[in-house]
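Observations on chain architecture
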Amino acid sequence: MQKIANILKKQITSTIIAIIFGFIVAAIILAATGYSPADAFTAMFEGIFSRPKYISNVIIKSTPIILTGLSVAFAFKTGLFNMGAEGQYIMSSVFATIVGIKLDLPPVLQIPMVILAGVFAGAVYGAVVGYLKARFGIHEVITSIMLNWVALYFSNFIVSLKTFHQPNSTATFTVNESSFTTILHKWKVSPEGIAWLKEHPTIMDVLLKTDVNIGIIVAIIMVIVISILLNRTTKGYELKAVGFNKDAAEFAGINVKKNILHSMIIAGAIAGLAGALSVTGVQPHRISTMAAFENYGFNGLSVALIAANSPIGCLFAGLLFAGLLYGGQSIQSTIGAPSEVINIMIGTIVFFVALTRIVPVLADKLAKRGEKHAH
Amino acid sequence: MKKKLLALLMAVVMVTSLTACSSKKSTGDSDKTKTEATEAPASDDTASKSDFVVSMITDTGGVNDQSFNQSAWEGLQELNKSTGAKVSYIESKQETDYTTNLDKCVDDGSNLVWGIGFSMADALKTAASTNPDVSYAIVDNSYGDQTPSNVTGVMFRAQEPSFIVGYIAGKTTTTGKVGFVGGISSDLIDQFEYGYKAGVDYAANELGKKITVDAQYAESFSDAAKGKAIANKMFSDGCDIVFHAAGGVGVGVIEAAKEANKFAIGVDRDQAYLAPKNVLTSALKLVGTAVKLVSEKAAKGEQIGGQTFTFGLTEDAVGIPDKNPNMDPAVYEAAMKVQQSIKDGTIVPPSNKDTYKEFGKTLSK
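Residues numbered from 1 in each chain as written. Chains lettered and ligands numbered in written order. Predicted model: local features only at pLDDT ≥ 70, side-chain atom pairs only at ≥ 80, totals over all residues.

- An unreviewed UniProt entry annotates chain B as BMP family ABC transporter substrate-binding protein originating from Anaeromicropila herbilytica.
- What the UniProt record of chain B gives under Sequence similarities (unreviewed entry) is the line "Belongs to the BMP lipoprotein family."
- If you open the UniProt record of chain B and go to Subcellular location (unreviewed entry), you find "Cell membrane". (UniProt positions renumbered as here; feature names shortened; annotations may be inferred.)

- Going by an unreviewed UniProt entry, chain A carries the name ABC transporter permease and comes from Anaeromicropila herbilytica.
- On record in UniProt, under Subcellular location (unreviewed entry), the comment for chain A is "Cell membrane".

Laid out in structure tokens, this is it:
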């Protein structure tokens, strides 16, 4: 009994159980709507793994949500719900775009400038939430949700300004090419580049047809940095202590207000990094008028949930989530199931993963009952 | 324990609220999708005489956007029924999806890939250059002289239906003041605005009175609340008919007409279902018809690349609905006469500010 309870208590076990359950429910839904689940899942996995460029696309698409997921997970570890990753992402992409359009330096200077502009915007936007929480005790969920909308409309406002608006479009100009973080973006479309790539079809598939960029490397570095910060440093200990128990932390001489503010600044900066890297790394390298949220931040919430707020977990959860989103699209084109079914499927998986928190609770009960019987 | 339960509760609430948010856009149309989806594979079996594969990429509006994405998909489904060509779509969730989606269709064996909407213009050009063996086509965009040999542009003479509805508005107004609500200013929306204005002027000239047009832009294609606010202002300023060319903003315009019990004029598709008593007519721009026509040409093996097709009244790709219960039959008759003169070229509706000015000169005689 104790053994099963221990295995069940492991986060990874319950996550895997949840993913399996998600697929089972999705299969039932697919079957009920008249599509073969086997075909659908085959189409999906082929859409992820059958070609190198698909894998490349999944990795590219996972980059922003790994980072927004990391932002949410980090805030959660310090006792805050960062519902505002979406807004921080948007603010960052806005400022990265502004700087990217207005500034044209050599890439060595331009790229850091553009990314820093984005990170700074995200951090400031996170700081607003942190300050309101620390100074006035306003709940961060409320303020960050409200600020998401402010960011959305601010972004639309910037797009509509004459200086940035590209005529006959719903978007801004693209940022100057010197700010692109796409790997070999100039060489790969040059005649020599194409000639070389033609001899190496696999590399061509990946390099020419997808926006391979440095984003994922940055994301991995950030995951490691945040892990170390949380687990190996005094600052991380303070941040976590505030999250565990504010009063105890204060009693132990930790400045609670300062730590809440710092936590939101860091979370905002990470979400901001996601926005800036998207503008510099992937086409169309600009921002557009938005009718609704593009869900980078909200998908980050799901990623953090799947990862159970572990920074390392965010990396894998981000890849899983991006795989589902990207591979899911193949289901429509291959077997003709409406894309709504795919959305339901993804939703179910996330839902079950969220429910995994039941598993350790159940395991606890199981263990306790075992103890009772033993006495 | 308590904390864990709380966390669990929060998690569940969060996820449910998330799914609630993201499912918003498909409500009210799920029945339709179902029938569409079940129809598609069925007709595949019965009419699989063609092995031509056509796919389309929606813009971020999604396939059930009540507008051009949906219309394009309906066009492809008709194509599937009439020729047996295999059709499919991929929805774009984010702008960054365009390039990858346009590229992915190629692996599914598509012969022709449609990009729906001018927001995809750059992405489509990139995809076309990396996949030279596949034909690409784009709705609402023309690359002019720079059209690559495997790309086809599809444009509409939206000024033609706009002229007709403008004429109808001019004939119907009792206050001598009508309105126009645009989305985001661009050459595309100019076609609607100046076509409409010219139509109103034409009617005013015929009636021998002065009718003013109040034009405003919402700087959005989605903000229905803003559309409603603008239309409300127009109605209270004395306009009795407001035409919109503003996508989702127009839903608000029509709602305002309903509340003020005045008239709105719909766009793209017959929007009478939104307010049966208060939609005077609609300026149709049938993306589906154009998508179908161009796809058929491609399926027959005709060379469609490297050029831009422009669709108008003569191709039956634009116009007004056959049934307009709120319109005076005499006005409808007159409008049909105007439609005929546009078709045979006696009237050339203006599509931008300059041609509108010239059009004005011809009227004053």
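**Here's the deal with the overall build of chain B**
- Of regular secondary structure, chain B possesses 12 helices and 12 strands.
- Look at the contacts in chain B between residues 6 or more apart in sequence, and 68% of them connect residues 24 or more apart. (Helix = DSSP H or I, 4+ residues; strand = E, 2+ residues; numbered from the N terminus. Contact = placed C-beta atoms within 7 Å.)

**Remarks on the overall build of chain A**
- Across its full length, chain A holds 17 helices and zero strands.
- Taking 21 Å as the expected radius of gyration for a compact globule of 375 residues, we find that chain A reaches 22 Å, a close match to that expectation.
- Projected onto its principal axes, the C-alpha positions of chain A cover 80 × 55 × 35 Å.
- Going through the 375 residues of chain A one by one, you find that 54% of them count as buried. (Rg over C-alpha atoms; globule rule 2.2 N^0.38 Å. Buried ≥ 20, exposed ≤ 12 C-beta atoms within 10 Å, placed from the backbone.)

**Brief notes about the nonpolar core**
- Among the nonpolar cores identified, the biggest contains 105 residues, and Leu70(A), Ile270(A), Leu273(A) and Cys314(A) are the most heavily contacted of them.
- Sequence-distant contacts of Ile270(A), defined by excluding residues within four places in its chain, comprise Leu67(A), Leu70(A), Ser71(A), Phe74(A) and Met222(A).
- One finds Tyr136(B), Val139(B), Ile254(B) and Val338(B) within the second-largest nonpolar core, a separate group that totals 102 residues. (Core = buried A, V, L, I, M, F, W, Y, C linked by C-beta atoms within 7 Å.)

**Some remarks on the pairing of strand β10 (residues 279-285) of chain B**
Residue and element names in this part refer to chain B.
- The element β10 is largely enclosed, with a buried count of seven among its seven residues.
- Inspection of the sheet shows strand β9 (residues 263-268) paired to β10 by five bridges, in the parallel sense. Across the sheet, Asp268 pairs through a bridge with Leu284, a residue of β10.
- With two bridges connecting them, β10 and strand β12 (residues 318-319) associate as antiparallel partners. By the bridge assignment for β12, Lys285 is matched with Val318. (Pairing = 2+ DSSP bridges.)

**Describing the sheet that holds strand β4 (residues 135-139) of chain B**
Residues and elements named next belong to chain B.
- Across the sheet, which stays open at both edges, the six strands sit in the order β2-β1-β3-β4-β5-β11 with parallel pairing between neighbours. The open sheet terminates on both sides in strands that have one partner only, identified here as β2 (86-90) and β11 (307-311). The sheet shows a mean angle of 20° between the axes of neighbouring strands, taken without regard to direction.
- On the sheet, helix α5 (residues 121-130) packs against β3 (112-115), β4 and β5 (151-156) and is oriented at approximately 175° with respect to β4. (Axes fitted to C-alpha atoms, helices over the stretch in contact; angles between N-to-C directions.)

**Looking at helix α10 (residues 215-232) of chain A**
All names here are of chain A.
- The end-to-end C-alpha separation of α10 is 25 Å, in line with the 26 Å expected for 18 residues at 1.5 Å each.
- Listing the buried residues of α10 in full gives Gly215, Ile216, Val218, Ala219, Met222, Val223, Ile226 and Leu230. For α10, the angular spread of the buried residues around the axis is 150°, confining them to a single face. Turned more than 90 degrees away from the buried face of α10, the exposed residues are Ile217, Ile221, Ile228, Asn231 and Arg232. (Expected span 1.5 Å × (residues − 1). Arc of directions from axis to C-beta.)

**Focus: the packing of helix α15 (residues 311-335) of chain A against helix α16 (residues 339-355) of chain A**
All names here are of chain A.
- It is at 9 Å that the axes of α15 and α16 come closest, and there the two elements cross at 150°. Between α15 and α16 lies a crossing of right-handed hand. In contact with Leu324, Leu325, Gly328, Ile331 and Gln332 of α15, α16 contributes Ser339, Ile342, Met345, Ile346 and Ile349.
- Considered class by class, the residues forming the contact of α15 with α16 number seven nonpolar, three polar and no charged. (Left-handed = near helix turned anticlockwise from the far one by under 90°. Nonpolar A, V, L, I, M, F, W, Y, C, P; charged D, E, K, R; others polar.)

**Looking at the confidence of the model for chain B**
Residues and elements named next belong to chain B.
- The pLDDT averaged across chain B works out to 84; a share of 86% of its residues lies at or above 70.
- Confidence over residues 16-48 falls short of pLDDT 50; this stretch has 31 contacts with residues more than four positions distant or in other chains.
- Complex prediction metrics read pTM 0.82 and ipTM 0.78. (pLDDT = per-residue confidence, 0-100.)

**Details of the sheet that holds strand β7 (residues 212-217) of chain B**
All names here are of chain B.
- Across the sheet, which stays open at both edges, the six strands sit in the order β7-β6-β8-β9-β10-β12 with mixed pairing between neighbours. With partners counted over all chains shown, the strands left at the sheet margins are β7 and β12, one partner each.
- Direction of pairing for strand β6 (residues 177-182) relative to strand β8 (residues 241-245): parallel, over a ladder of five bridges. By the bridge assignment for β8, Val181 is matched with His244.
- Relative to β6, helix α7 (residues 187-207) is tilted by about 170°, and along the sheet it contacts β6, β7 and β8.

**A look at the environment of Asp268(B)**
Residues and elements named next belong to chain B.
- Mapped onto the elements, Asp268 comes out in strand β9.
- For Asp268, a count of 23 C-beta atoms within 10 Å puts it in the buried group.
- On a C-alpha basis, the gap between Asp268 and Ser71 in space is 9.0 Å, while along the polypeptide they are 197 residues apart.
- Non-local contacts of Asp268, meaning those with residues more than four positions away in its chain, are made with Ser67, Phe68, Leu284 and Lys285.

**Topic: the domain arrangement of chain B**
All names here are of chain B.
- On domain assignment, one finds that chain B holds domain 1 (45-157 + 288-315) and domain 2 (159-285 + 319-363).
- Once you take the C-alpha centre of each, domain 1 and domain 2 turn out to be 29 Å apart.
- On the side of domain 2, 11 residues touch domain 1, which itself brings 10 residues to the contact. (Domains from an automatic or database assignment.)

**With respect to the packing of α10(A) against helix α13 (residues 256-281) of chain A**
All names here are of chain A.
- Two elements in contact, α10 and α13, have axes whose closest approach is 10 Å; the angle formed by their N-to-C orientations is 165°. Put simply, α10 runs roughly antiparallel to α13. Along this stretch, α10 crosses α13, giving a crossing that reads as right-handed. Of the residues in α13, those in contact with Gly215, Val218 and Met222 of α10 are Ile270, Leu273, Leu277 and Gly281.
- For the contact of α10 with α13, the residue count by class is five nonpolar, two polar and no charged. (Parallel < 35°, antiparallel > 145°, perpendicular 65-115°, else oblique.)

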